[in-house]
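So you can see what is in the structure, the chains are spelled out below.
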Amino acid sequence: MLRTSSYTIYVALPENSEQMLLVHGYSGAYDKVSRGVAEYLMAAEAGPPPVPLYGEWQSEPALGRTEAILPPSDRTLDALAKRGYLTAMTVSEEEGHMARLIKKRHMRSMEQVNYIFMPSYQCNLRCAYCFQDHMRTKPEFSHLLRTVSREMLDRIFATFPTIEAKHGLPEGHGEARNIGLFGGEPLLARNRPIVEYLLKKARDMGPATFWAVSNATELHAFVGLLGPDGIGQVQITLDGPPDEHDKRRIRADGTGTFEQIAQNIDLCLELGVRVTVRINFDTGNIGDAPRLADEIVKREWDKSPNFWVYTAPIVPNENTSYKHTFGTWQLDQAIDELRLIHPNMRVIGRPDDGMQAMARKMFDRKRTMPNMKTSFCGAHNGMYIFDAFGDIYACWERTGDERVRIGRVLDGGDVEMNVGLEKHWRSRTPASNPTCRKCRYAFQCGGGCAVLAEGQKGKFFTNYCDGFADRFRHSVAMAYQDHVNGTETVEPVRVCDL
Amino acid sequence: MSDSTNPPGKDEIEALNADDLNVQELDDALLEEAAGGNEYAREANMACGGFSCTNHIC
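Reading the values: the criteria
- Residues numbered from 1 in each chain as written.
- Chains lettered and ligands numbered in written order.
- Predicted model: local features only at pLDDT ≥ 70, side-chain atom pairs only at ≥ 80, totals over all residues.
- Heavy atoms only, no water.
- Helix = DSSP H or I, 4+ residues; strand = E, 2+ residues; numbered from the N terminus.
- Rg over C-alpha atoms; globule rule 2.2 N^0.38 Å.
- Buried < 20%, exposed > 50% of the residue type's maximum accessible area, 1.4 Å probe, protein only.
- Contact = heavy atoms within 4.5 Å.
- Lys, Arg positive; Asp, Glu negative; His and termini not counted.
- Charge placed at Lys NZ, Arg CZ, Asp CG, Glu CD.
- Pairing = 2+ DSSP bridges.
- Axes fitted to C-alpha atoms, helices over the stretch in contact; angles between N-to-C directions.
- Parallel < 35°, antiparallel > 145°, perpendicular 65-115°, else oblique.
- Core = buried A, V, L, I, M, F, W, Y, C linked by side-chain atoms within 4.5 Å.
- Phe/Tyr/Trp six-rings, centres within 6.5 Å; stacked < 30°, edge-to-face > 60°.
- Lys NZ or Arg CZ within 6 Å of the ring centre and 35° of its normal.

Peer 1: Can you help me understand the overall build of chain A in this one?
Peer 2: Scanning chain A from N- to C-terminus turns up 16 helices and 15 strands. For chain A, the C-alpha radius of gyration of 24 Å lies close to 23 Å, the compact-globule estimate for 498 residues. Principal axes of the C-alpha set define a box for chain A whose edges measure 75 × 50 × 40 Å. Burial status across chain A gives 56% buried among its 498 residues. Summarising the internal contacts of chain A: among those between residues at least 6 apart in sequence, 70% fall at separations of at least 24. Looking at chain A, you have 60 positive and 63 negative side-chain charges, and the mean spots of the two groups are 4 Å apart.

Here it is as structure tokens:
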């Protein structure tokens, strides 16, 4: 006897009560079905089906009353089974199957290694919401502010063959290494010599691409290192139009930074660097978004194919109460509403534009299968973050404390891993907690951010949903609508999912 | 399953991606994949399930 797979996702289409989209959580299938087929599947669910995002599909038909529903044709039933929507497995059998699939796909993802260097925890800005602010303002952390030495960089690079062998990459593999720069502020003018040395060391070992997360206040000191053959992508934060940005993104002496950053954005675009601007929003500054959009259009940054803006919600922290923060879904909706009355808001990306673009690619037949995420980010597979002391971390929100490092670089370039902590980070997948492994969206979401889960619930191995179900269904529905209407879309470029 | 008596057009399914997708074949191929040189994969393929034994489902 077949039942509806527990991992069937129903995507209602706005103003369309006769058809629905289906997405299968682990087969990766996307389908359009008639109302009759959708009703049949809902009736054959083992538990209450999810309430659709739009329309009047909820509460009908009654659970388990498949005899009251006209079944689809044998041809359609066969297609539903082949594509994953009907299964002979029991609920618990299917959950076990899902867990095995997650683990297998996760092991595949471990074959990719990404490196991030933090040349220093020092930064020339004093943003109030910075999670590292204590490192620059509290004397007991001042020992962290030194810059990495050439000797330490030599040792770090010497660890790469060992690290890569663990991930199944043979020595001399020849694949381009993806190397990021983070901090603190990695691109301080005083760091230029060591950054230049770092790029050279990486290239001596083989092909490499470089990117950086930078406040962009001293990027002008890096001409010659910036460009498609050097640091080819930079993520820069702007926190509103000039007057508002200058209240938040301030130097240690309290002065603002917008104009300096703007000049450096111009410089980067001239040099062919891909610039991604990140804007952090809470309820206090979302109203300023249209003025920032106007500023971007005035400076003609949006005309460059190398320029992109994305947004992220500020999460509650010691300086920002939850009362003033958005969830990601709320931020998506806030930007949608602003776009209705401010045309220039088209230049400011919603957090979920990437998800919508991915679905659109499949509808346009530009890709066959969706991304299947077995974790929220690289902290749980192959990301290695090296700080100036040779300590190795898995997550860039958890650095600067040797008690949480997953390893360290030894003299001579050997690497010593803290096996327990390394496993702790690398094993977090949707299979590693009972809520996520039952979730229809597990392979689309990846389980959410570990740091935010721990902050919200005090547990690492737990879910952090952030409204994902609504966000996913809305993104797929809008992508399909745009596909049918032939609306042009632009694929966003971003460095980080946080 | 009984034969359908739905009139034509009442039950429709149109694949929007991967027209030849067969979930059974896809899953079997993935689960049978060898670990290769990936040390993390070899460990996870052990009978205990690897890293997250306390949360493992057999």
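Read on for the rest.
Peer 1: Help me out: how do you make sense of the sheet that holds strand E11 (residues 307-313) of chain A in this one?
Peer 2: Residues and elements named next belong to chain A. Strand order across the open sheet formed by ten strands is E11-E10-E9-E8-E7-E6-E12-E13-E14-E15, with mixed pairing between neighbours. The sheet is open, and its two edges are formed by E11 and strand E15 (415-417), each paired on a single side. Averaged over all pairs of adjacent strands, the angle between strand axes in this sheet comes to 25 degrees, irrespective of strand direction. Inspection of the sheet shows strand E7 (residues 177-181) paired to strand E8 (residues 208-213) by five bridges, in the parallel sense. Note on E8: the bridge partner recorded for Gly-180 is Trp-211. In the packing of helix H7 (residues 192-205) onto the sheet, contacts are made with strand E6 (114-117), E7, E8 and strand E9 (231-237), and the angle to E7 comes to roughly 170 degrees.

Peer 1: For this particular structure, what's the right way to read the sheet that holds strand E4 (residues 30-34) of chain A?
Peer 2: Note on sheets: strands pair through backbone hydrogen bonds, and any given pair is parallel or antiparallel. Reading across from one edge, E2(A)-E3(A)-E4(A)-E1(B) is the order of the four strands in this open sheet, with antiparallel pairing throughout. Each edge of the open sheet is held by one strand with a lone partner, namely strand E2 (8-13) of chain A together with strand E1 (13-15) of chain B. Sheet twist, expressed as the average angle between the axes of neighbouring strands with direction ignored, equals 25 degrees. The sheet contact formed by strand E3 (residues 16-24) of chain A and E4(A) spans five bridges and is antiparallel. By the bridge assignment for E4(A), Leu21(A) is matched with Lys32(A).

Peer 1: Honestly, the packing of helix H11 (residues 328-341) of chain A against helix H16 (residues 468-485) of chain A in this entry has me stumped. Any pointers?
Peer 2: Two quantities define a packed helix pair, namely the angle between the axes and the distance from one axis to the other. All names here are of chain A. Two numbers describe how H11 lies on H16: the axes approach to 8 Å, and their chain directions differ by 40 degrees. Overall, the two elements H11 and H16 adopt an arrangement that is oblique. Along the contact surface, H11 presents Thr-328, Trp-329, Asp-332 and Asp-336, while H16 presents Asp-470, Arg-471 and His-474.

Peer 1: Looking at this structure, I do not really get the nonpolar core. What am I missing?
Peer 2: Inside soluble globular proteins, nonpolar side chains tend to come together where they are buried. Core analysis: the largest hydrophobic core is formed by 87 residues, its most contacted members being Phe117(A), Ile231(A), Ile265(A) and Phe386(A). The residues touching Phe386(A), leaving out its near neighbours within four places in the chain, are Tyr115(A), Ile116(A), Phe117(A), Met118(A), Ile156(A), Thr159(A), Phe160(A), Ile163(A), Asp391(A), Ile392(A) and Val409(A). In terms of nonpolar packing, the next biggest core, distinct from the first, is built from 31 residues, Tyr40(A), Ile69(A), Phe443(A) and Ile13(B) among them.

Peer 1: I'm lost on the packing of aromatic side chains in this one. Help?
Peer 2: Given two aromatic rings, their pairing is described by the distance between the two centres and the angle made by the two planes. Residues and elements named next belong to chain A. If you walk through the whole model with that rule in mind, you get 19 aromatic pairs over all chains. Pairing Tyr-441 with Phe-472 gives two aromatic rings, centres 5.9 Å apart and planes at 70 degrees, and the pair type is edge-to-face. Residue Tyr-441 is located in the loop between helix H13 (419-426) and helix H14 (442-445), and its partner Phe-472 is located in helix H16; the two are separated by 31 residues in the primary sequence. Each member of the pair, Tyr-441 as well as Phe-472, is classed as buried. Their ring planes at 80 degrees and their centres at 5.1 Å tell us that Phe-460 and Phe-461 sit as a pair that is edge-to-face. By relative accessible area, Phe-461 is classed as partly exposed at 23%. Members of the aromatic cluster, each reached through a chain of ring pairs, are Tyr-115, Phe-117, Phe-157, Phe-160, Tyr-384 and Phe-386. We note Arg-105 situated over the ring of Phe-443; from NZ or CZ to the ring centre the distance is 4.7 Å.

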